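One letter stands for each residue in the lines below.
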Amino acid sequence: CSSDLVGGQLCEAPLFMIFNYKDLIVKPGKQAQLDCGVHGNYSHCLWEKDNYIFQVENVYKGMYKGLRRPDSIEDNQCGIVVEHTTNKTHGVWTCTVYNSEYGAFVASKNCVITVKPTPTKVSTKQITAYPGDLHEIKCSVMAARPAVKITWTLNARDITADAEAKEIYNNQE
């Protein structure tokens, strides 16, 4: 703080970003609200997705089809809403807030558009085993977002910790 001419204190509140980094998980066709706010003064803000830049000011003016202003912008001055999510909505969204004194504040979040899992495929239907036998059983799901969590049980006992899990990505979709 500094003193003004009449002896009062002048304090400028520091600028900081208000942002939730947790993944946003949304079903296709539903709306996704991407929140981004600031405490303090800022000049403008934007969102970026796959090298496309969306000026928040222009979103609020209705210049981007499918994007709009959130119902409340309290502590969310830079927030936007994607009205109908698709696979193109899936991925990392980055909010940038500009301030003339401090420069840019940047934060990103992952927007996960869900994909219903395919039916599971198990390598074998039935196994006859004896004590000491080792058998490999594979269970797979070809598509799911977020990734499915498979649980293994043997005689009603959870043995999932003994299983090896692999996630294989063949493309971003």
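Residues numbered from 1 in each chain as written. Predicted model: local features only at pLDDT ≥ 70, side-chain atom pairs only at ≥ 80, totals over all residues. Heavy atoms only, no water.

Identification of the protein as Ig-like domain-containing protein from Meganyctiphanes norvegica is taken from an unreviewed UniProt entry.

Looking now at the overall build of the protein. Scanning the protein from terminus to terminus reveals 1 helix and 16 strands. Counting every position in the protein, which comprises 173 residues, the buried fraction comes to 24%. The contacts of the protein with a sequence gap of at least 6 include a subset with a gap of at least 24, amounting to 52%. (Helix = DSSP H or I, 4+ residues; strand = E, 2+ residues; numbered from the N terminus. Buried < 20%, exposed > 50% of the residue type's maximum accessible area, 1.4 Å probe, protein only. Contact = heavy atoms within 4.5 Å.)

The next point concerns the sheet that holds strand 10 (residues 80–82). The sheet built from 3 strands is open, its strands ordered 5-10-9 with antiparallel pairing. Across the chains shown, the open sheet's two edge strands, defined by having one partner strand only, are strand 5 (32–34) and strand 9 (67–68). The pairing of strand 9 with strand 10 spans 2 bridges and is classified as antiparallel. The residue of strand 10 that forms the bridge with arginine 68 is valine 81. (Pairing = 2+ DSSP bridges.)

Let us now look at a nonpolar patch on the surface. A contiguous nonpolar surface patch, about 200 Å² in accessible area, is contributed by Val122, Ile127 and Ile137. Structurally, isoleucine 137 is set in the loop between strand 13 (121–122) and strand 14 (139–140). Judged by its relative accessible area of 36%, isoleucine 137 is partly exposed. (Patch = residues over 30% accessible without salt bridge, like charges linked within 9 Å, V, L, I, M, F, W, Y side chains within 5 Å. Areas by Shrake-Rupley, 256 points an atom, 1.4 Å probe, with all protein chains shown as cover. Salt bridge = Lys/Arg side-chain N within 4 Å of Asp/Glu carboxyl O.)

The next point concerns the pattern of salt bridges. A full pass over the atoms with the stated rule returns 5 salt bridges. With a shortest N-O distance of 2.5 Å, aspartate 50 and lysine 49 are connected by a salt bridge. For lysine 49, a relative accessible area of 5% corresponds to the buried category. The shortest N-O distance in the salt bridge between aspartate 71 and arginine 68 comes to 3.6 Å. Accessibility expressed as a relative area gives 69% for aspartate 71, which makes it exposed. Within this structure, Arg68, Asp71 and Glu83 form a network of salt bridges that share partners.

Within the largest apolar cluster, 23 residues are counted, with the highest numbers of intra-cluster contacts made by Cys36, Trp47, Ile80, Trp93, Cys95 and Val97. Secondary structure elements with two or more residues in this core: strand 5, strand 7 (44–49), helix 1 (56–60), strand 10, strand 11 (91–99) and strand 12 (103–113). Apart from the residues lying within four places of it in its own chain, the contact partners of isoleucine 80 are Ala32, Gln33, Leu34, Trp47, Val56, Val59, Leu67, Arg68, Pro70 and Trp93. (Core = buried A, V, L, I, M, F, W, Y, C linked by side-chain atoms within 4.5 Å.)

To continue, consider the sheet that holds strand 7. Across a sheet, strands are paired by hydrogen bonds formed along the backbone, either parallel or antiparallel in direction. Across the sheet, which stays open at both edges, the 5 strands sit in the order 4-12-11-7-8 with mixed pairing between neighbours. One side of each edge strand has no neighbouring strand; the edge strands of this open sheet are strand 4 (24–26) and strand 8 (52–55). Across the sheet, the axes of successive neighbouring strands diverge by a mean angle of 25°, strand direction being ignored. As paired strands, strand 4 and strand 12 are joined by 3 bridges and run parallel to one another. Each residue of the ladder has a partner; that of leucine 24, found in strand 12, is cysteine 111. (Axes fitted to C-alpha atoms, helices over the stretch in contact; angles between N-to-C directions.)

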